[in-house]
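Below, each chain spelled out in residue letters.
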Amino acid sequence: MTARWKRLGLLLCLCTLLSLEGCAMLNVEGEIVSVKPALQLLSMPPYEDVEAQAEEAKEAAAPLRIDLWLDASQLMGGINESPDSLYPHTSRKYRQGGFHYRFDGQVGWYEQVLRTLLSVAGESQTRLLRVGNERLPDSFLQGMGLSFADAEEARSLRRDMLTYAVDPMPDIFEGFSSESMEDSFYSLGSPQANQTARFSGKNAELLENPTKLSLMNDALNAQIEAFDTEGADLSALSAVGDDLDSPLLYALSNLDLSRLSVITCDPATLRKLSGNAADGSPQAYLQQVLEERGIFDRGLSVGLYALQLDFLGEMTSFGAADFSDPLIWGRLNYNSRSKSPDAALPMPRILLMLVIGGDSQVRSYTDTLTMLLSNNITGLRGPQEGQLSYTRNGQTITQQPFSFWLKYTEIKRPSAGYYTQHTQGAALSVSNGTVTPEGELFTASLATEEASPSTLTFSWPAASLPDGLSLDISRLSNLKAEVIDSLLLSEVAANSPNTIVTQTSGTQSIALRDKLYLFKRQTTPFAKHPEQNPFTLSSVALSNDGAVLEATIEVNQALLKPGYYRLRLSADSVGEQFEWPEVSWAQDGGSSLSTVITNEQINEWESFSAVLTRYARASSTIPRQFDHAWGGYTDKAYKGTVIPDFPPVYLAPHLSELLSQLRTAARPGTSPYLRCVFDVFVDAQEQAN
Amino acid sequence: MSSLSPVARPKRRVRVHFSNRTKVLLCYLLSFALPPLWLFLGITLVYPYQLTGSAPTIARNMGDAFPFLKSSLLTAARLAAAPEAGSPAEWAAALEARDGQWIVFLAAALGLAWAVTLLLQLVWRFSHSRALDAAKNTRLAIAHYRWTLLLIVLCNLAVAAALWLLGVRFVEGRGLWDYLVYFGAYPINVLAAILCFRLAAPPVLSGRHGFFKRL
């Protein structure tokens, strides 16, 4: 073989080898190097996370202190306030005592309620405050040398002066149910209103203003003396007959909001909870007090109890109705032969009780209280043989034995929930593109080549609202998808050594081949031209049977620019969106304990009691018919006057309105519902080229 | 005798002649310096302003083409891979690694072609430097020159083809600058070899009017 053939052979071998390698290389499926700039090189500045900083207000960890505001109105004690009435103030036959009656060994269930209130308080410091119809106006305090700098100091002074005892023993309530009602806990201007003697010496430290004990003592004595003085002007010191005042409103006005407050309230003392101002605008008095004190603004809750208790006594008023002769509700049972009473026949009446404090405090206190009251107060009371009857809806109602029961509901400022990107279970999805959780924020990557419009959907597990509360999502306000920050392509320059990139704050550049893509950072880029914002928050709605909250954002592809958008979705809830659950026992309706007293009824009752006074006074004895609750139904007129239905003292006047005003006061204003921040990355091709 | 006096003798001008060897060496140096210089200038002056950011994933492609290299190139391929959901810093690192690996590959490919070209040319040169039977030797040298040149062209073509198949063909939007920078050195390589063949042949083969010119 010649050298030429050898060379040719060698060349062929080399060519074959190269061809084989060439074939191997032909099969390589390499990654295509795109002509678009790698926008992944852009970096959005870290987000200053204001949503994560929003923490729920924590309740103070201070030791629990409890204020028991005890209604000391004359109605509570069944005291006859009318000096000229047909019925005597005290007698064996018309024994008084109201909720706090005592007959032999039997005392009203109210005392058991009070003992339970103390028992639930346990070792917590407990203060008893007497809130009756006596008032301590600012002018009176200043006149007595009790100076104060502001309303809060004045409240503090009043609380001290209303303090009956601090950390009392349970037997303190026995004195309240004394058979002698003269100067009792419930009588108007009672000497018992001044308990400063309890706080002499070291005990003064139990008061909020121990240094002013002496002045407070003088002021209280002066007040008691004024009530004792015949013909004294009590208009400033007494709330009797004032339609806009009641022990409940007075207690609320003077609450110490740092403590858990329990307020007992005879609903018959609620004369008016709403009215009209001089200019005709509607006024809700309870709501005003609650709002002025900022009870719900401070995150406090109100527990509302309705307790059916036993009552034996006289009622000289019922709501806004004042009677010249008191109503007799409950009485003693007389042995017909000996004419001496052998049993008390109380009648059922509703007592209201408000528990106001931090949410967890109220929940904890009321849970225990409800359990203890339900377990401890048992048995039946009242007339067992149909001795007592009254007229209701034109029919004679014979009272049957009744038991203790309670109803409870809680009112607190509702929260619709607060949805952010940090909410557990939050997720972002996009119709055309991908989503990556980058850093603390979700990043949705959009493909601009897609012809169909993109839709972004942010979803959260829907928060369950407490206690049957519901929220009308369709009425959310201020829905918007705002671009709060951006890093968008602003210029494509030639990539040459002569190109000078001004590295102003936030400007970033990406070089690709002969082009330099410049991206400019801008906060709120569409503030002046919102029509250029490619994102629109089209809806916030519940899906999956209310289990998921979804915010849908429509993207206008035509307005998109390559780069990053930082979006903040926001929506606010307003108080009107909340739909409170029905509380059948408190709201107007068939089984409600609430009653509404009309002016016609008041006129009817007051007229009839006036007739009673006028004609019965002439006789030496009270007609048997009127021994109790104006007697059973009769179509016969009394002295030409039709005997009306007995006032519904067994119900709670204004209870429905009270609940309504509590709820209105608790209703939040405009509050953030949705604050969600995420990034949208637009990896544009067409625009970048 | 005075005419014999060294003082009286006229001064002779000293003529400095570059030896043929020096000229040959300079010819080799100049010719074979051109291809690397071309690539160097392309990478330093052209690449950053015309081609930056367009480097293919050469380590991964080489690993795919030559499975026996895959394990060795795994780390490099990982470094240059586009990170899924990576941070901007990771992306920058990947692109930087990609650019670096591509430039190293370009240099290595040209270095291979350059070395083979120079080697073949030197083998030819030293095979025909003996001064025996000059005419026959010259005829043989011309024939060998043609074969060697063909081989050199084939080698350069092969390396350029590998460059195309492994990298350049994956670059979208490639243009004149891509071809000039990436492939321009290979024709220069061949030209350098031709230059050395024809101008820097051994003295026994070259002459003023011969096929191989003497410098």
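One numbering rule holds for all chains: residues counted from 1, following each sequence as written. Chain letters start at A and ligand numbers start at 1, both assigned in the order the entries are written. A pLDDT threshold of at least 70 governs which residues receive local features in this predicted model, and a stricter bar of 80 or more applies before side-chain atom pairs are shown or counted, although totals over entire chains, interfaces and linings include all residues. Side-chain descriptors were evaluated using all non-hydrogen atoms of the structure, hydrogens and water having been removed beforehand.

## Observations concerning helix α8 (residues 285-293) of chain A
Residues and elements named next belong to chain A.
Link 1 in the chain: Exposure classes here rest on a 1.4 Å probe applied to the protein chains alone. A residue is buried below 20% of its type maximum, exposed above 50%, and partly exposed in between. Secondary structure elements are taken from DSSP: a helix is a run of H or I of four residues or more, a strand is a run of E of two residues or more, and numbering for both begins at the N terminus. Considered for burial, the residues of α8 that qualify are Tyr285, Leu286, Gln287, Val289, Leu290 and Arg293.
Link 2 in the chain: Residues of α8 that are buried in the fold lie against α5 (151-162), α7 (247-253), β7 (274-276), β8 (282-284) and α11 (655-666).
Link 3 in the chain: With its phi angle positive at about 65°, Gly294 sits one or two positions after the end of α8. Any pair of residues with heavy atoms lying within 4.5 Å of one another is described as a contacting pair.

## Some words on the sheet that holds strand β30 (residues 548-555) of chain A
Residues and elements named next belong to chain A.
Link 1 in the chain: The antiparallel open sheet is built from 4 strands, whose spatial order is β21-β24-β30-β29. If you trace the sheet from one side to the other, it starts and ends with β21 (427-430) and β29 (535-543), each paired once. The sheet shows a mean angle of 20° between the axes of neighbouring strands, direction not considered.
Link 2 in the chain: Think of it this way: DSSP has to see at least two bridges between two strands before they count as a pair. Pairing geometry for β29 and β30, over 8 bridges, is antiparallel. Its bridge partner being in β30, Ala541 is matched across the sheet by Glu550. Angles here are taken between N-to-C directions and fall from 0 to 180 degrees, while the axes themselves are lines fitted to C-alpha atoms, restricted in helices to the stretch in contact.

## Considering unusual backbone geometry
Residue and element names in this part refer to chain A.
Link 1 in the chain: Phi is positive for Arg513, close to 50°, though the residue is something other than glycine.
Link 2 in the chain: Within the secondary structure, Arg513 is located in the loop between β27 (508-512) and β28 (515-523).
Link 3 in the chain: The phi angle at His654 is positive, at roughly 65°, despite the residue not being glycine.
Link 4 in the chain: In this fold, His654 is placed in the loop between β34 (652-653) and α11.

## Looking at the interface of chain B and chain A
Link 1 in the chain: Residue-level contacts link 39 residues of chain B with 34 residues of chain A.
Link 2 in the chain: Two parts lose some accessible area (1.4 Å probe) when they are put together, and adding that loss for both gives the buried area. It is Tyr49, Trp147 and Phe170 of chain B that lose the most area in chain B upon contact with chain A, and together they represent 21% of the buried surface on that side.
Link 3 in the chain: The term salt bridge refers to a side-chain nitrogen of Lys or Arg lying within 4 Å of a carboxyl oxygen of Asp or Glu. Inspection of the chain B/chain A interface yields 3 salt bridges.
Link 4 in the chain: Polar contact is the term for a pair of N or O atoms within 3.5 Å; when the atoms are in protein, one must be able to donate a hydrogen and the other to accept it, and sequence-neighboring residues count only if both atoms are side-chain atoms. At the boundary of chain B with chain A, the tally comes to 8 residue pairs in polar contact (both at pLDDT 80 or more).
Link 5 in the chain: Where the side of chain B that touches chain A is concerned, the elements lending two or more residues are α1 (20-51), α2 (58-65), α4 (88-127) and α5 (134-166) of chain B.
Link 6 in the chain: In terms of residue count, the dominant contributor to the side of chain B that touches chain A is α5 of chain B (9 residues).
Link 7 in the chain: Lys, Arg, Asp and Glu make up the charged group, whereas Ala, Val, Leu, Ile, Met, Phe, Trp, Tyr, Cys and Pro make up the nonpolar group; the residues left over, Gly among them, are polar. Residues that form the side of chain B that touches chain A fall into these classes: 22 nonpolar, 10 polar and 7 charged.

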